[in-house]
Amino acid sequence: MDNGLKLGVFLCDCGGTLSKVTDFSAIKAKLQKLSDVTYVGISHDLCLKRAQQAMQKDIKDKGINRVVVAACSPELHENDFMNVVQSAGVNRHLLSMANIREQCFWAHPDKGKAAKKAMTQIGMAINRARFLEPVEQTQISVNKDVLVIGGGITGIQAAIELSNLNLKTTLVEKEATLGGKLNRFANLYPVQVSPEEVLATKLKQVAESQNIYVLTSAELIDVSGEVGNFSARIKRGNGEFVRNFGAIIFATGYTTQFSSQIYGLELSNNIITQSQLEEMLKSSSEVKQIPKSVCFVTDISDEHSRVSPLSALRNALGIKEKFRGEVCVLCQNLKVDGAGLEKLYRDCRNKGVLFIKFDNSPRISKQDGKIKIEVEDVLMSGEQVTLPCDLLVVEETSVPPLDSKVLGSTLYMGLDAQGFYQENNVHLYPTASNREGIFFAGNCHADLDLMQALTDASNVALSAYQLLAQGKIAVEAEKVMVDPNKCRFCLTCIRACPHHAIQEAKVNHEKMVAQIADLACQGCGICAVVCPAKAIKPKDWSDEQILAEFELLGEYV
Amino acid sequence: MKAKGAFLPDIVAFCCAQSAYQAADTAGSMRITYPENIRVIRVPCAGRVDVLHILRAFEKGADGVLVLGCHEEACRHLSGNIRAKNRVQRVNTLLQEVGIDGKRVEMFTLAPNQGSRFARIANEVNERIKELGPSPVKSGA
Amino acid sequence: MIVAERKPLEDIREMIAGYKKILIVGCGTCVTICWAGGEKEVAVLSSQLRLASKKDGNELEILEATIERQCEKELVEALKDKVQQVEAVLSMGCGAGVQPIAEIFPDMPVYPALNTTFVGMPEGEGVWVETCRACGDCFLDKTGGICPIVRCAKGLLNGPCGGTNNGKCEIDSEKDCAWTLIYRRLEQQGRLDAMRKYYPPRNFQAVIRPGKVETLPA
Ligand SMILES: Cc1cc2nc3c(=O)[nH]c(=O)nc-3n(C[C@H](O)[C@H](O)[C@H](O)COP(=O)(O)OP(=O)(O)OC[C@H]3O[C@@H](n4cnc5c(N)ncnc54)[C@H](O)[C@@H]3O)c2cc1C
Ligand code: SF4
Ligand code: SF4
Ligand code: SF4
Ligand code: SF4
């Protein structure tokens, strides 16, 4: 029966190294006998240009319409071979690969076994090739404007960088002024310039830029659409309006919270949080009564925070230098990671700041308005120390901005256990969200100091730029596809897609079905598995292709 | 009946291209060997592996099936590995209903650079399946 | 929608024991949506049955078909060609689906592969809860749209009972007290006077409510 299949098998012996362990001409002879196999070729260096040109010619000359490459791992050169196939006028997805190097000849020292397995692998690839389907490449034009939510230093920096890259940016801040946390600090470590100056410089750049549009006292209500063509509903005062963007960057920072549970005490005029201290020092003219002894307690909770010890050390030193008096830092493991922090710690010690290490949380009590701290000093073999003090500065835990839960769920974005935005896969894509075209920057997804927040902002700006700069994105049309006739619109796939790439759509203006947004889909195939109607097909990983791979099981070629 | 030593099980290993498939490559690159009867099938995510794929592998005569994905929290598609784990659990029950030992299907997680872990899993599972003997549905078994 | 659950394989195998060729019919509506009897589950059951019969050395050939709705005779007619080729039919529709098939093909033994459990709705991925008992005399107008017949463990028409416990039910402290929910809803709507009316009891069988089907998310 003529099924129109013309399979071409291209074997590569990797510079002759694999020919030393097996007889490639014997493999070739066996393969030539298989049905639908039109051509079998042996090459020594299929990864090189010359061999690929020959391969391209063979595909064309022999009229091959399915290409099988038996060589090294597809993880290495699959894309190159797809390019060759495409240049030969065949759809680039009509390629299937057999990994005969890493997973055969390199893994199995027994030559006979390796050769047998190689035949099986090639057989599997050939069977798979029978079910391959073409996927067309198209381009989708995208809106090049970027929306940045949150006008703290991270959001500001991201907007500036985008503007320098010539992308128009809308910066939405819910407060009346830009700057976020930086507005509240008198100084920052190790930054030499004051936060005010940092902000002033940045705000000047914002004001001078033609590309940045600032919206203060404004909030994002919701977002519809997909990467490249999001439309965002924004509220400002009593008005509401919709604007379109290609990408969205979240830079909503974090807020801090004092947990009276951890300390077992309430805040008062002489027990204050780090943030309160920052604000007090910022308006230091107000500090009328100079405290004689000040204690800081840090890393009392198990959560490792970068900024809490940073704030404690910086202010301990500041107070020591400014007001003299006794300054003591109670800490557990004082982790100081970050540029210059070791120096800050030494400076503190040299200036006479006292450090007490504890294992068991200190007991804090108040008598006649005076604070008494009892702690077992680890460095003094657990000796009990009692410290009276005038001012106690306690640490806070960082929590996501109040509305991130709401925003996260209206936007279908992942949140971690504490409610912070969860990156797609922290290790691989540190600034990407689970949704294509939505990014995170700054302290809304990580515990960062100023310099790190700025770097983060630049990285995100670049990612957004790469995505949108061309004004269009190449996309594989319907690489994963819903059959509208089979879809029962049960919503299962819409709920399950980890990248929120599936939405409802109408066919013939009537029946509701699920539809996949090609740009947002990342090809995982989860939807195809969960669909109870078997209505979804990932064209590169169809059931037929996967099942075909074990057709040969038990009957080695 | 064949002696136990002579039994070479057919094992199908669905391997996530983000991790396990690369781990198998790493094993090869480091010349760490493992039983050659483990048949690797590359999938874009462990979440692409369907209950049906596994059942069909047994219909085709597999003695054991492995689903190998990324470590928890490290899935490129967030929930793919967790879904795969749930499905493996479901297949265990479905096979048990049929009268096939549910232990013939197992799920493991690994990172792309864990070549030796891949080989160790392959070896251990191979031994376990050998112990269980040929699949009771295998034609001629 | 109708919620159903697959019967244990053992029961199904007992029904079809001795047949050499069968047809499994899925239903494309309610039971597809609750993951019990759509095209996918037809394929899973079919694979399981093939494995089981192969294991026991029995011959079994299976045809598969999934139609839009089994509870419509016109739609069931379309199965004719396939039904003629087999010795028995296994329906993966709800009880209302099995019966039209049996009626349209009176010579053919038709067996149910599902247990039809309740009328309900999805609560989360793979979890369905019972919300209506199809009592035939809907009471929801009096209860702010919350059905006490299903959601109250005792099916009380004049609740709550003395066992209501801070919004939870005395029978199962995990479950919400339906009558507390009703009270709050009516309060929200300014309709608390509806709580003061007396409704004469009806006769309901004692059943554990609300029912729940839980599956692992696919
Ligand atoms: C006590 C303390 C001490 C610190 N000390 C130092 C130090 O010494 N050195 C150092 O380098 N770093 C320090 N840091 C860290 C530094 O403050 C941060 O790295 C930096 O401020 C992060 O900026 P950001 O823009 O990411 O977040 P933020 O400054 O928090 O800005 C977020 C902005 O987003 C806005 N926003 C939030 N939600 C929304 C919404 N839904 N819609 C619109 N707008 C929204 C907020 O109003 C805010 O303006 C310290 C932090 C703390 C808490
Ligand atoms: S393949 Fe994955 S990303 Fe694409 S639509 Fe399906 S579930 Fe979503
Ligand atoms: S899971 Fe299948 S049937 Fe359900 S909405 Fe998605 S495509 Fe349609
Ligand atoms: S047969 Fe049952 S499951 Fe199918 S559509 Fe009718 S009521 Fe729903
Ligand atoms: S009262 Fe309850 S059981 Fe009766 S019809 Fe209404 S919802 Fe259904």
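Quick notes on the rules
- Residues numbered from 1 in each chain as written.
- Chains lettered and ligands numbered in written order.
- Predicted model: local features only at pLDDT ≥ 70, side-chain atom pairs only at ≥ 80, totals over all residues.
- Heavy atoms only, no water.
- Helix = DSSP H or I, 4+ residues; strand = E, 2+ residues; numbered from the N terminus.
- Rg over C-alpha atoms; globule rule 2.2 N^0.38 Å.
- Buried < 20%, exposed > 50% of the residue type's maximum accessible area, 1.4 Å probe, protein only.
- Contact = heavy atoms within 4.5 Å.
- Areas by Shrake-Rupley, 256 points an atom, 1.4 Å probe, with all protein chains shown as cover.
- Lys, Arg positive; Asp, Glu negative; His and termini not counted.
- Charge placed at Lys NZ, Arg CZ, Asp CG, Glu CD.
- Near = heavy atom within 4 Å.
- Nonpolar A, V, L, I, M, F, W, Y, C, P; charged D, E, K, R; others polar.
- Core = buried A, V, L, I, M, F, W, Y, C linked by side-chain atoms within 4.5 Å.
- Buried area = accessible area lost by both parts, 1.4 Å probe.
- Salt bridge = Lys/Arg side-chain N within 4 Å of Asp/Glu carboxyl O.
- Polar contact = N/O pair within 3.5 Å; in protein donor to acceptor, adjacent residues only side chain to side chain.
- Patch = residues over 30% accessible without salt bridge, like charges linked within 9 Å, V, L, I, M, F, W, Y side chains within 5 Å.
- Domains from an automatic or database assignment.
- Pairing = 2+ DSSP bridges.
- Axes fitted to C-alpha atoms, helices over the stretch in contact; angles between N-to-C directions.

A. Region of interest: the overall build of chain C. Helix and strand counts for chain C stand at 9 helices and 8 strands. A compact globule built from 218 residues should have a C-alpha radius of gyration of about 17 Å, whereas chain C, at 21 Å, is more than 25% larger. With 218 residues in all, chain C has 43% of them scored as buried. Sequence-distant contacts, at least 24 apart, represent 64% of the contacts inside chain C between residues at least 6 apart.

B. Just the overall build of chain B, in detail. Assigned secondary structure in chain B consists of 4 helices and 4 strands. Here chain B has a C-alpha radius of gyration of 15 Å; the compact-globule value for 141 residues is 14 Å, and the two agree. Principal-axis analysis of the C-alpha atoms gives chain B an extent of 45 × 35 × 20 Å. Taking all 141 residues of chain B together, the buried fraction comes to 64%. Taking the contacts inside chain B whose residues are at least 6 apart along the sequence as the reference set, 79% of them involve residues at least 24 apart. Of the accessible surface of chain B, which amounts to about 5100 Å², a share of 51% is contributed by carbon and sulfur atoms. Both charge centroids of chain B, one from 20 positive and one from 14 negative side chains, sit 4 Å from each other.

C. Spatial organisation of the site of ligand 3. Taken together, 13 residues lie near ligand 3, and Cys487, Arg488, Cys490, Cys493 and Cys531 of chain A sit nearest. Grouping the amino acids of the shell around ligand 3 by side-chain chemistry returns 11 nonpolar, 1 polar and 1 charged.

D. Representation of the nonpolar core within the structure. Membership of the largest hydrophobic core comes to 66 residues, with the highest contact counts inside it found for Phe14 of chain B together with Leu49 of chain C. Top contributing element to this core by residue count: helix 3 (residues 39-55) of chain C, with 7 residues. Membership of the second largest hydrophobic core comes to 53 residues, among which are Val148, Ile248, Val460 and Leu519 of chain A.

E. Layout of the interface of chain B and chain C. Contacts between chain B and chain C engage 20 residues on the former and 18 residues on the latter. Both faces considered, chain B and chain C share a buried interface measuring about 1800 Å² in area, 56% of it formed by carbon and sulfur atoms. Ranking the residues of chain B by area buried against chain C places Glu59, Glu97 and Val98 of chain B at the top, with a combined share of 33%. If you look at where chain B meets chain C, you find 5 salt bridges. When residues of the side of chain B that touches chain C are traced back to their parent elements, those giving at least two are helix 2 (51-59) and helix 3 (80-98) of chain B. Top element by residues in the side of chain B that touches chain C is helix 3 of chain B. It accounts for 9 residues.

F. Structural context of the interface of chain A and chain B. The partner chain B presents 44 residues to the 47 residues of chain A that form the contact. Taken over both partners, the interface formed by chain A and chain B buries close to 4000 Å², and the fraction arising from carbon and sulfur atoms is 56%. Our enumeration of links across chain A and chain B arrives at 3 salt bridges. In this structure, arginine 48 of chain B and aspartate 543 of chain A form a salt bridge, with 3.0 Å as the shortest nitrogen-oxygen distance. Here chain A is connected to chain B by 14 residue pairs in polar contact (both at pLDDT 80 or more). Class assignment of the residues belonging to the side of chain A that touches chain B gives a composition of 22 nonpolar, 15 polar and 10 charged.

G. Layout of the site of ligand 2. Around ligand 2 sit Val480, Cys497, Pro498, His499, Ile502, Ile516, Cys521, Gln522, Gly523, Cys524, Gly525 and Cys527 of chain A, and that is every residue in its neighbourhood. Here the shell around ligand 2 is built from residues that sort into 8 nonpolar, 4 polar and no charged.

H. Broad picture of the pattern of salt bridges. Per the stated rule, a full pass over the model turns up 44 salt bridges over all chains. Each of Glu75 and Glu78 of chain A together with Arg42 of chain B takes part in salt bridges that share partners, so that together they form one network.

I. Up close: a nonpolar patch on the surface. Among the surface-exposed residues, Val378, Leu379 and Met380 of chain A lie close enough to one another that they form a single nonpolar patch of about 280 Å² accessible area. With respect to the secondary-structure elements, valine 378 of chain A resides in the loop between strand 19 (370-377) and strand 20 (383-389).

J. Structural view of the domain arrangement of chain C. When cut into domains, chain C gives domain 1 (2-118) and domain 2 (133-196). The C-alpha-based centres of domain 1 of chain C and domain 2 of chain C are spaced at 38 Å.

K. Structural context of the sheet that holds strand 18 (residues 363-367) of chain A. Residues and elements named next belong to chain A. If you trace the 3 strands from one edge of the open sheet to the other, you get 18-19-20, paired in antiparallel fashion. The two strands at the open ends of the sheet, each matched to only one other strand, are strand 18 and strand 20. Strand-to-strand twist across the sheet, computed as the mean angle between neighbouring axes with direction ignored, equals 20 degrees. Here strand 18 pairs with strand 19 via 5 bridges, running antiparallel. Residue pairing for strand 19: glutamine 367 is matched across the bridge by lysine 370.

L. Up close: unusual backbone geometry. Here the residue pair glycine 159 of chain C and proline 160 of chain C is connected by a cis peptide bond, since its omega of -5 degrees sits within 30 degrees of zero. In this structure, proline 160 of chain C sits in the loop between helix 7 (148-151) and helix 8 (178-188). A positive phi angle is found at asparagine 166 of chain A, which is not glycine, with a value near 70 degrees. Relative to the assigned elements, asparagine 166 of chain A resides in the loop between helix 6 (153-164) and strand 7 (169-172). Take asparagine 166 of chain A: its relative accessible area is 58%, and that puts it in the exposed class.

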